[in-house]
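# Remarks on the overall topology
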Amino acid sequence: MYRPVQFAGYVALLLTPAALLISAVAGLSALPAFSAGSLGVQTGIALTLTGTAAAAAERNRVVDEFALDAAGFDRADGRDAIAVTVGALVTYGASVGAELGPVLASAAVGLAAGLALPRVAVPLYCGSFVGMASPAVFPGPEFVAVAGLLAGLAFVATAESFGGFGGKLGTIALFGCIITVACLGLEYGATSAPAWDLVPIVVPVAAVAAVATVLLGLRLELGAVVGSALVGTVAGIAFPLALAELGTTLATVAFCASFVGMSSTERLTTAGHVGVAGGLCGLVYLAVTPAVAGAGGKLGTTAFVSCIALVGLEEVRDAVAVSGE
């Protein structure tokens, strides 16, 4: 029998990206510079949402392949939920207290966890994305702890849904942050317009970062967590040193796209697919600039949207091809 908690987790993984995209459209509409160009951006976001909706076919796979008995919350689940919370608090402390910044703080936690604590590396890395939240949104660690705990529960609930999709961990983190903001009456950061003039550099950087991650994780057998964390670490150090004005932005873009590279070969079968999804991730990154500013997990959700959009469009293409035979 399919557990209700699993279905709730599946729904959370659909609604969180939808909330990000809807927030982005609302933010774009509210900007003073809203124009026909921005309307084109809205259309692009709507197409991405269509691709996301196409991935609702995942429900059938989840029910068919992962139907479980009514087993309850066990010790391993509790360990993972705690690890997510710990990852959130450690990252927030490193980002804000030690002033490493969100990218380097999260990457450092992921790298340390992947190398020293492989059994809990995935939930710790998931929690690190919660800890990337801005202090303007979560002014203290107590708020991060609440978001981390909610994300930890979501981590357990989503264990059987959307496996192998890059960005899933960040989506779980954003879920925890969104619920915390809503329930505690907090506010997101200031809205800003997408820097579309950066497309020529953002898209290639994102594509390369995604491919580099999958090569590190799969070809060199370092694992997805270490591969992504290494890309984030290198980008977080190199870009700000090389490019004073754009360095922080490009480091963030590279780290965001590294989550695409965490996808399994069952989802994105070739390096080419990863590169395309990475490039798309760069575009989505710019498009969602106005959305939930300062929330942790936004980068991962951006990668998740990109991966699901590409896979969903391929599923639609295959379905059309079959119906035409």
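Rules used throughout
Residues numbered from 1 in each chain as written. Predicted model: local features only at pLDDT ≥ 70, side-chain atom pairs only at ≥ 80, totals over all residues. Heavy atoms only, no water. Core = buried A, V, L, I, M, F, W, Y, C linked by side-chain atoms within 4.5 Å. Buried < 20%, exposed > 50% of the residue type's maximum accessible area, 1.4 Å probe, protein only. Helix = DSSP H or I, 4+ residues; strand = E, 2+ residues; numbered from the N terminus. Axes fitted to C-alpha atoms, helices over the stretch in contact; angles between N-to-C directions. Left-handed = near helix turned anticlockwise from the far one by under 90°. Contact = heavy atoms within 4.5 Å. Nonpolar A, V, L, I, M, F, W, Y, C, P; charged D, E, K, R; others polar. Parallel < 35°, antiparallel > 145°, perpendicular 65-115°, else oblique. Phe/Tyr/Trp six-rings, centres within 6.5 Å; stacked < 30°, edge-to-face > 60°. Expected span 1.5 Å × (residues − 1).

What follows covers the nonpolar core. Within the largest apolar cluster, 79 residues are counted, with the highest numbers of intra-cluster contacts made by Tyr-125, Phe-138, Phe-255 and Val-260. Top element by residues in this core is helix α13 (residues 298-323). It accounts for eight residues.

Their axes nearest at 10 Å, the elements helix α5 (residues 102-116) and helix α11 (residues 247-258) cross at an angle of 35 degrees. Along this stretch, α5 crosses α11, giving a crossing that reads as left-handed. Across the interface between the two elements, Val-103, Ser-106 and Ala-107 of α5 pack against Ala-251, Thr-252 and Phe-255 of α11. Broken down by class, the residue content of the contact of α5 with α11 amounts to four nonpolar, two polar and no charged.

Look at helix α9 (residues 199-219) against helix α12 (residues 271-287): their axes get within 7 Å of each other, and the N-to-C directions meet at 140 degrees. Relative to α12, the element α9 is oriented oblique. The handedness of the crossing between α9 and α12 comes out as right-handed. Contact residues: α9 offers Val-199, Val-202, Val-203, Ala-206, Ala-207, Ala-210, Val-211 and Val-214, while α12 offers Ala-271, Val-274, Gly-275, Gly-278, Gly-279, Gly-282, Leu-283 and Leu-286. Its residues assigned to classes, the contact of α9 with α12 shows twelve nonpolar, four polar and no charged.

What follows deals with the side chain of Thr-16. Secondary-structure assignment places Thr-16 in helix α1 (residues 4-30). Once residues lying within four places of it in the same chain are set aside, the contact partners of Thr-16 are Thr-171, Leu-174, Phe-175, Ile-178 and Thr-301.

Here we come to unusual backbone geometry. One non-glycine residue with positive phi stands out, namely Phe-162, at about 55 degrees. Relative to the helices and strands, Phe-162 resides in the loop between α7 (141-157) and α8 (168-184). A relative accessible area of 0% places Phe-162 in the buried class. Notably, Glu-221 is not glycine yet its phi reads approximately 60 degrees, a positive angle. Looking at the element boundaries, Glu-221 is found in the loop between α9 and α10 (224-242).

It is worth spelling out the packing of aromatic side chains at this point. The geometry of two aromatic rings is summed up by the distance between their centres and the angle between their planes. Using the criterion set out here, one finds nine aromatic pairs in the structure. For the pair Tyr-125 and Phe-129, a centre-to-centre distance of 4.7 Å together with 55 degrees between the ring planes defines the contact as tilted. With Tyr-125 and Phe-129 both in helix α6 (residues 121-130) and four residues apart, the pair spans about one turn of that helix. Take Tyr-125 and Phe-129: they sit in the same class, and that class is buried. Three or more aromatic residues joined by ring pairs make a cluster, and in this case those are Tyr-10, Phe-162, Phe-165 and Phe-304.

A word on α8. Given 3.6 residues to a turn, an α-helix orients residues that are three or four positions apart in the same direction. End to end, α8 covers 24 Å across 17 residues, agreeing with the expected 24 Å (1.5 Å per residue, within 8%). Extensive coverage of α8 is indicated by the burial of twelve of its 17 residues. Taken together, the buried positions of α8 are Lys-168, Leu-169, Gly-170, Thr-171, Ile-172, Ala-173, Leu-174, Gly-176, Cys-177, Ile-178, Thr-180 and Val-181.

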